[in-house]
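Listed here are the chains, written in short residue letters.
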Amino acid sequence: MIRAFHRWPGLIALAVVTILSLSGAALSVFPAAERIAAPQAEAGLTVATLADRIQAVHTGVEQIRRSPSGRITAYWFDQGTPGAAVIDPATGEGVASADPNQTLRWLTNLHRSLFLGDGGRIAMAAGALAMLALSLSGAALVARRTGGWRHWFAPLRGPLAGRLHVEIARIAVIGLILSSTTALWMTASTFDLLPDGGAAPAFPVQLSGDTGFAAGQMATLQQTPVAALRELSYPYPGDATDAFTLKTDRGTGYLDQGNGALLAWADLTGWERVSETIYMLHTGQGAATLGLVLGLMALGVPAMGATGVLVWLAGRRGRPRIRGSQPAGRAGTILLVGSEGGSTWSFAATLHAALTEAGQSVHVGPMSGFAPERYAKAERIILLAATYGDGAAPDSAKGFLDRLRALDRAPDIPLAVLGFGDRSFPAYCAFAKAVMAEAQAKGWPVLMPLDTIDRQSPQDFARWGRALGEALRVSLEVSHQPVLPKTETLTLVSRRDYGAEVQAPTAILRFALPRATLWQRLTGKGFARFTAGDLVGILPEGSAVPRLYSLASGRRDGFIEIVVRKLPGGLASSQLTALEPGDTVTAFLRRNPGFRAGRGRAPLILIGAGTGVGPLAGIVRGNAPRRPIHLFFGMRHPDSDFFYGAEIPTWREEGRLARLVTAVSRGARPHYVQDALRGEAAQVAELIRDGARVMVCGGRDMAAGVADALAEILAPTGLTPAVLKAQGRYVEDVY
């Protein structure tokens, strides 16, 4: 709900909000420029002295004004001709024209009303209201994304457009809330929707009847500093029934022109002070520095608008239109999708087509749109739920669990939940499991037990589809053809071969980095951004199923590198290890957020065997901050498969690698990486106790052996691999 509330005001009011913010940013410069250009009164100068100086130069002075910037302007008549000038308070002489700045006037009219009078004022007020709604909902979304208000400035992950959107928002949001709130107040005041609150003094009835008393001799003016002056208006010449009117930042009063006596005075009311403060906060008049800061924050609005549109467009591309989807109120099957990158939607399209062919009426929508009150004819609800990161809800399922928990009772409609994930991640299908657990706690009737799909397996999906058909008592064949991401051509630039001596031919393959377009850099698509440990999908010739390999390089390295062992009968590995420099392959990038080194200076314990050392070597290579890294590397024999053996001494000299421990399994005494860990048990336990993060990459059997060894090593400390995984300090990439 918050996401939709944030999205639509922004998209609908984007043009008005952009004009409002850009014109406001431009206007914020003028108070500061006026403050710099205007001659300032010396400290302690009184209004009486200022009046004497001005009257000595301009005998027909009628009014003296002081703006919040300190600029003093005088207005006079000289032989029937009106005059006005900006005054130097030190001399009383005019130093600049008092004519309004035409650029300022034009910008002000644009900002207030789009040159459309009251209709334009209402439109701009609507823009301010939209900005306020965007700011408040955006603040809530930032807090949700960063894990709470206390983590407001926590590091971000994700596509560049989304990160820029949030980075700008969490700096500018306070200023935008302040600007939009004060704008709405001022609009309400303009249309007399707020009480006046003023209390000007009644004009005095009893006057001396005399004229000609010099302003410089009046005691009240002698006691009023110029810094407090707003306006001094002289009486009409020759009219003994008129008086001086003095306005200061304290209130308004009348002075007798015959003897200088203070005839009446009224202090500013609390309401007037609030109104003036709001005017100052919005315009920067009297607070030039604050105005500039708010203006800079306003410049973030068009940037957030552009990045917000990019995020929205990326989301729409990730959610395909499914033809034949029925309205929710008329469908017998409600199919809701929780997807982050968009791949789960393709499974939903396949299932929708199969159910429709079997005679079912199906509505397909996002899990974030869950609204059981709309499902009037529903006989079943099916949820396809992917998991984002370490168990979080994916983008199209935001708010689902909150809505479910808020229900007094679960829908009386049988439920089936199918989770999508990757078993190599610690939080495999965690979101789907959380949904099912909450549904069961609510007493939601179950159509089928929770099931899962590993790595988007079409075979797993077909098996589940047959089980769904049995539950529905219909013949259901779900044949899913994966919709692959947009691919790019990678050109091999170099290769290094290992392992022939131990019958395990392996190659380190380095490909040229494709040039990223501006769109890819903004959205994070393609190979515009990746780190060691992310995955590259290779499409081998003769197969529609991609093979995934862990990257041994990051974008900053300037190349794409993988370590590939030729497997007996392996289609992709055979083709890859046969490549020569200049040959090409078709590939795409897939994020691997569950396998990251994380930020900070805590030590890293990297554990890998065979080709699993590839992404670990990439992490070491990218360790420019010299974070302490301890690498445990299992190999068959150092003469055959000591991958990256040539680079490791350099990495150690540069401080990128603190320590290397190797384990050789084909030597005189077979030694595996878990044995190497046990041999360094004391230091390993101390590192983990002090906050080290453990990263394991390689085969499942190796990973299981490593987990057992660490369980033994950590037993005296009270820690376990399971506890470390729950803390996010133990991550695996296993195959």
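In this text, all values refer to a predicted model and were calculated from it rather than measured experimentally. (Residues numbered from 1 in each chain as written. Predicted model: local features only at pLDDT ≥ 70, side-chain atom pairs only at ≥ 80, totals over all residues. Heavy atoms only, no water.)

## Regarding the overall build of the protein chain
Here is step 1 of the chain: Secondary structure summary: the protein chain contains 24 helices and 24 strands in total.
Here is step 2 of the chain: In terms of overall dimensions, the protein chain has C-alpha extents of about 120 × 70 × 55 Å along its principal axes.
Here is step 3 of the chain: Each of the 735 residues in the protein chain was classed as buried or not, and the buried ones make up 47%.
Here is step 4 of the chain: Within the protein chain, residue pairs in contact and separated by at least 24 positions form 70% of the contacts whose partners lie at least 6 positions apart.
Here is step 5 of the chain: Accessible area of the protein chain: about 34,400 Å², with a carbon and sulfur share of 55%.
Here is step 6 of the chain: Treating the 73 positive side-chain charges of the protein chain as one cloud and the 60 negative ones as another, the clouds have centres 8 Å apart. (Helix = DSSP H or I, 4+ residues; strand = E, 2+ residues; numbered from the N terminus. Buried < 20%, exposed > 50% of the residue type's maximum accessible area, 1.4 Å probe, protein only. Contact = heavy atoms within 4.5 Å. Areas by Shrake-Rupley, 256 points an atom, 1.4 Å probe, with all protein chains shown as cover. Lys, Arg positive; Asp, Glu negative; His and termini not counted. Charge placed at Lys NZ, Arg CZ, Asp CG, Glu CD.)

## So, helix 14 (residues 430-441)
Here is step 1 of the chain: Along its 12 residues, helix 14 runs 16 Å from first to last C-alpha, staying within 8% of the 16 Å computed at 1.5 Å per residue.
Here is step 2 of the chain: Considered for burial, the residues of helix 14 that qualify are Phe431, Ala432, Val435, Met436, Glu438 and Ala439. Viewed along the axis of helix 14, the buried residues span an arc of 165°, placing them on a single side of the element. Turned more than 90 degrees off the buried face of helix 14, the exposed positions are Gln440 and Ala441.
Here is step 3 of the chain: Check the buried side of helix 14 and you find it contacts strand 11 (380-386), helix 13 (400-406) and strand 12 (415-421). (Expected span 1.5 Å × (residues − 1). Arc of directions from axis to C-beta.)

## Notes on the pairing of strand 2 (residues 72-78)
Here is step 1 of the chain: Of the strand pairs in this sheet, strand 1 (residues 61-66) and strand 2 are connected by 5 bridges, and their pairing is antiparallel. The residue bridging arginine 66 from the neighbouring strand is isoleucine 72, located in strand 2.
Here is step 2 of the chain: When strand 2 meets strand 3 (residues 81-87), the two strands line up antiparallel, connected through 7 bridges. Considered in strand 3, the bridge of isoleucine 72 is made with isoleucine 87.
Here is step 3 of the chain: In this structure, the hairpin formed by strand 2 and strand 3 is closed by a connection of 2 residues, where glutamine 79 is found at a positive phi of approximately 55°. (Pairing = 2+ DSSP bridges.)

## Re the packing of aromatic side chains
Here is step 1 of the chain: Under the defined criterion, the tally for this structure stands at 17 aromatic pairs.
Here is step 2 of the chain: Taking the centre distance of 5.1 Å and the plane angle of 65° together, the rings of phenylalanine 203 and tyrosine 254 count as edge-to-face. In this pair, phenylalanine 203 is assigned in the loop between helix 7 (160-190) and helix 8 (219-222) and tyrosine 254 in strand 7 (residues 251-255), connecting sequence segments 51 residues apart.
Here is step 3 of the chain: Here phenylalanine 203 falls in the partly exposed class, since its relative accessible area comes to 36%.
Here is step 4 of the chain: Consider the rings of phenylalanine 347 and phenylalanine 420, whose centres lie 4.9 Å apart with planes at 55°: the pair is tilted. Of the two residues, phenylalanine 347 sits in helix 12 (residues 343-357) while phenylalanine 420 sits in strand 12, which places them 73 residues apart along the sequence. (Phe/Tyr/Trp six-rings, centres within 6.5 Å; stacked < 30°, edge-to-face > 60°.)

## Focus on the confidence of the model for the protein chain
Here is step 1 of the chain: The pLDDT averaged across the protein chain works out to 89; a share of 95% of its residues lies at or above 70.
Here is step 2 of the chain: Least confident of the elements in the protein chain is helix 1 (residues 2-12), whose mean pLDDT is 57; most confident is helix 18 (residues 613-621), at 97. (pLDDT = per-residue confidence, 0-100.)

## Some remarks on the sheet that holds strand 17 (residues 547-550)
Here is step 1 of the chain: Read across the sheet, 6 strands follow the order 17-16-19-14-15-18 without closing on themselves; strand pairing throughout is antiparallel. Sheet topology places strand 17 and strand 18 (559-565) at the edges, where each strand pairs with a single neighbour. Strand-to-strand twist of the sheet, defined as the mean angle between neighbouring strand axes without regard to direction, takes the value 40°. (Axes fitted to C-alpha atoms, helices over the stretch in contact; angles between N-to-C directions.)

## Things to note about the side chain of histidine 630
Here is step 1 of the chain: Note on placement: histidine 630 falls in strand 21 (residues 629-635).
Here is step 2 of the chain: Excluding its chain neighbours within four sequence positions, the residues that come into contact with histidine 630 are Leu604, Ile605, Leu606, Ala658, Arg659, Gln683 and Leu687.

## Some points on the pairing of strand 7
Here is step 1 of the chain: Most of strand 7 is tucked away: 5 of the 5 residues are buried.
Here is step 2 of the chain: Alternating residues of strand 7 divide into Gly251, Gly253 and Leu255 and Thr252 and Tyr254, and every residue in both groups is buried.
Here is step 3 of the chain: Examined bridge by bridge, strand 6 (residues 244-248) and strand 7 share 4 bridges and lie antiparallel to one another. The residue of strand 7 that forms the bridge with threonine 245 is tyrosine 254.

## Observations regarding the UniProt feature "transmembrane region" (unreviewed entry) in the protein chain
Here is step 1 of the chain: The residues that UniProt annotates with the feature "transmembrane region" (unreviewed entry) are residues 122-143 and 290-313.
Here is step 2 of the chain: Secondary structure within residues 122-143 divides into 100% helix and 0% strand; the distance between the first and last C-alpha atoms comes to 32 Å. (UniProt positions renumbered as here; feature names shortened; annotations may be inferred.)

## Observations regarding the pattern of salt bridges
Close approach of charged atoms allows side chains with opposite charge to pair.
Here is step 1 of the chain: Evaluated as defined, the whole model comprises 21 salt bridges.
Here is step 2 of the chain: With its nearest N and O atoms 2.7 Å apart, the salt bridge here joins glutamate 561 to arginine 510. Pair noted here: glutamate 561 is in strand 18 and arginine 510 is in strand 15 (residues 506-512), with a separation of 51 residues, a long-range link.
Here is step 3 of the chain: The class for arginine 510 is partly exposed, based on a relative accessible area of 23%.
Here is step 4 of the chain: In this structure, the salt-bridge partner of arginine 621 is glutamate 561, at a minimum N-O distance of 3.0 Å. (Salt bridge = Lys/Arg side-chain N within 4 Å of Asp/Glu carboxyl O.)

## What about the environment of leucine 492?
Here is step 1 of the chain: Among the structural elements, leucine 492 can be located in strand 14 (residues 488-498).
Here is step 2 of the chain: Using a relative accessible area of 1% as the deciding quantity, one classes leucine 492 as buried.
Here is step 3 of the chain: For the pair leucine 492 and arginine 71, spaced 421 residues apart in sequence, the C-alpha to C-alpha distance is 69 Å.
Here is step 4 of the chain: Not counting the four nearest positions on each side in its chain, leucine 492 is found in contact with Leu509, Arg510, Phe511, Leu579, Glu580, Pro581, Gly582 and Asp583.

## What to know about helix 10 (residues 288-298)
Here is step 1 of the chain: Taken residue by residue, helix 10 has Gly291, Leu294, Gly295, Met297 and Ala298 as its buried positions. Buried residues of helix 10, seen end-on, are gathered within an arc of 160° and therefore sit on one face of the element. In helix 10, the exposed positions that point more than 90 degrees away from the buried face belong to Thr289 and Leu296.

## A few points about the sheet that holds strand 1
Here is step 1 of the chain: The strand order across the open sheet built from 8 strands is 4-3-2-1-5-6-7-8, with neighbouring strands paired in antiparallel fashion. One side of each edge strand has no neighbouring strand; the edge strands of this open sheet are strand 4 (94-97) and strand 8 (262-267). For this sheet the average axis-to-axis angle between neighbouring strands, irrespective of direction, equals 20°.
Here is step 2 of the chain: As paired elements, strand 3 and strand 4 share 3 bridges and run antiparallel to each other. Following the sheet pairing, valine 86 is matched in strand 4 by alanine 96.
Here is step 3 of the chain: Contacts between helix 4 (residues 47-57) and the sheet are confined to strand 1, strand 2, strand 3 and strand 5 (229-233), with strand 1 contributing the most and set at about 130° to the helix.

## With respect to the packing of helix 2 (residues 14-27) against helix 5 (residues 102-113)
Here is step 1 of the chain: Taken N-terminus to C-terminus, the directions of helix 2 and helix 5 make an angle of 150°; their axes are 9 Å apart at the nearest point. With respect to each other, helix 2 and helix 5 are oriented roughly antiparallel. The handedness of the crossing between helix 2 and helix 5 is left-handed. In this structure, helix 2 contributes Ile19, Leu20, Ser23, Gly24, Ala26 and Leu27 to the contact, and helix 5 contributes Leu104, Leu107, Thr108, Leu110 and His111.
Here is step 2 of the chain: Of the residues assigned to the contact of helix 2 with helix 5, the class counts are 7 nonpolar, 4 polar and no charged. (Parallel < 35°, antiparallel > 145°, perpendicular 65-115°, else oblique. Left-handed = near helix turned anticlockwise from the far one by under 90°. Nonpolar A, V, L, I, M, F, W, Y, C, P; charged D, E, K, R; others polar.)

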